[in-house]
Amino acid sequence: MAEAPFASLREASYDYAGLQEYPLLGKTLFAPGAWMMLYRGGKLAGFPASGVSPENAVAERNFPVLLICDEADTTLPCRHAKRIYAAAQGPKSLWVVPGAFHTAALGFAPEEFRQRVLDFFRQRVPSP
C-alpha cells in the first residue's frame, strides 16, 4: 500500500528539479540538478539511488498493491502511481482521490480511506 508513490527515484528527482510542476524542465534545463540529487543520495545511502524503482519492483514480483493517488498532487503527480499500477503483476488497485493534494487522502475522504485500507489488508491477511 502506498499513497503518493514515486515510479522511480529518477523520475521523482525530475519532478523536484522541475520545481514540481514542470518535470520537463527537470529532464532538460535542470537535469544536472536532478543528477546531482541522485548521485548525492546514492553516496549518502551507500547504494545507487538511481536504481530505486517501485515501478520495476512490482513488474518483477507478483504481490498485491494498493496505490492511492492524490488528484491535485504536484509533488508526486498521479502519473507516478499510474505507471506503477500499469506495471504491477499481482492483484492491484488504484484509487484517485478527487481534489486531494500530496498525502491528503485521509483528510479529503477519511471514511473511504479507512475502508479501502482495511479491505486491502483483510483480503491479504488470514484470520486466526
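Reading guide: rules and limits
Residues numbered from 1 in each chain as written. Predicted model: local features only at pLDDT ≥ 70, side-chain atom pairs only at ≥ 80, totals over all residues. Heavy atoms only, no water. Salt bridge = Lys/Arg side-chain N within 4 Å of Asp/Glu carboxyl O. Helix = DSSP H or I, 4+ residues; strand = E, 2+ residues; numbered from the N terminus. Buried < 20%, exposed > 50% of the residue type's maximum accessible area, 1.4 Å probe, protein only. Phe/Tyr/Trp six-rings, centres within 6.5 Å; stacked < 30°, edge-to-face > 60°. Lys NZ or Arg CZ within 6 Å of the ring centre and 35° of its normal. Axes fitted to C-alpha atoms, helices over the stretch in contact; angles between N-to-C directions. Parallel < 35°, antiparallel > 145°, perpendicular 65-115°, else oblique. Left-handed = near helix turned anticlockwise from the far one by under 90°. Contact = heavy atoms within 4.5 Å. Disulfide = S-S within 2.5 Å.

Now for the pattern of salt bridges. According to the stated counting rule, one finds eight salt bridges in the structure shown. As a salt-bridge pair, glutamate 11 and arginine 79 come within 3.8 Å of each other at their nearest N and O atoms. Of the two residues, glutamate 11 sits in helix H1 (residues 9–17) while arginine 79 sits in helix H5 (residues 78–87), which places them 68 residues apart along the sequence. Taking relative accessible area as the criterion, glutamate 11 reaches 11% and is therefore assigned buried. With its nearest N and O atoms 3.7 Å apart, the salt bridge here joins arginine 83 to glutamate 11. In this pair, arginine 83 sits in helix H5 while glutamate 11 sits in helix H1, placing the two residues 72 residues apart along the sequence.

Each aromatic ring pair is characterised by the separation of its centres together with the angle its planes make. Considering all chains together, one arrives at three aromatic pairs under this definition. Ring geometry for phenylalanine 101 versus phenylalanine 108: centroids 5.4 Å apart, planes at 85 degrees, classification edge-to-face. Seen from their ring centres, phenylalanine 120 and phenylalanine 121 are 5.1 Å apart, and the 80 degrees between their planes marks the pair as edge-to-face. Classification of phenylalanine 121 as partly exposed rests on a relative accessible area of 41%. One Lys or Arg, lysine 92, reaches over the ring of tyrosine 85 and ends 4.6 Å from the middle of that ring.

With that settled, the discussion passes to the packing of H1 against helix H3 (residues 31–45). Their axes nearest at 8 Å, the elements H1 and H3 cross at an angle of 130 degrees. Taken together, the axes of H1 and H3 are oblique relative to one another. As H1 packs across H3, the resulting crossing turns out to be right-handed. Contact residues: H1 offers Leu9, Arg10, Ser13, Tyr14, Tyr16 and Ala17, while H3 offers Ala34, Trp35, Met37 and Leu38.

On to unusual backbone geometry, then. Negative phi values dominate among residues other than glycine, just as trans dominates among peptide bonds. The phi dihedral of alanine 4 is positive, around 55 degrees, even though this residue is not glycine. Looking at the element boundaries, alanine 4 is found in the loop between strand S1 (2–3) and H1. Note on alanine 4: relative accessible area 8%, which makes it buried. One non-glycine residue, threonine 103, lies in positive phi territory at about 55 degrees. For threonine 103, the position within the fold is in the loop between strand S3 (92–97) and helix H6 (105–108). Threonine 103 gets classed as partly exposed once you look at its relative accessible area, which sits at 46%.

Covalent bonding between the sulfur atoms of two cysteines is what defines a disulfide. Across all of its chains, the model carries one disulfide by this definition. Between the sulfur atoms of cysteine 69 and its disulfide partner cysteine 78 the distance amounts to 1.6 Å. Looking down the S-S bond of the cysteine 69 and cysteine 78 bridge, the torsion is -130 degrees, so its handedness is left-handed. Neither cysteine 69 nor cysteine 78 differs from the other in exposure class; each is buried.

The quantities given are spatial measurements derived from coordinates; they are silent on function.
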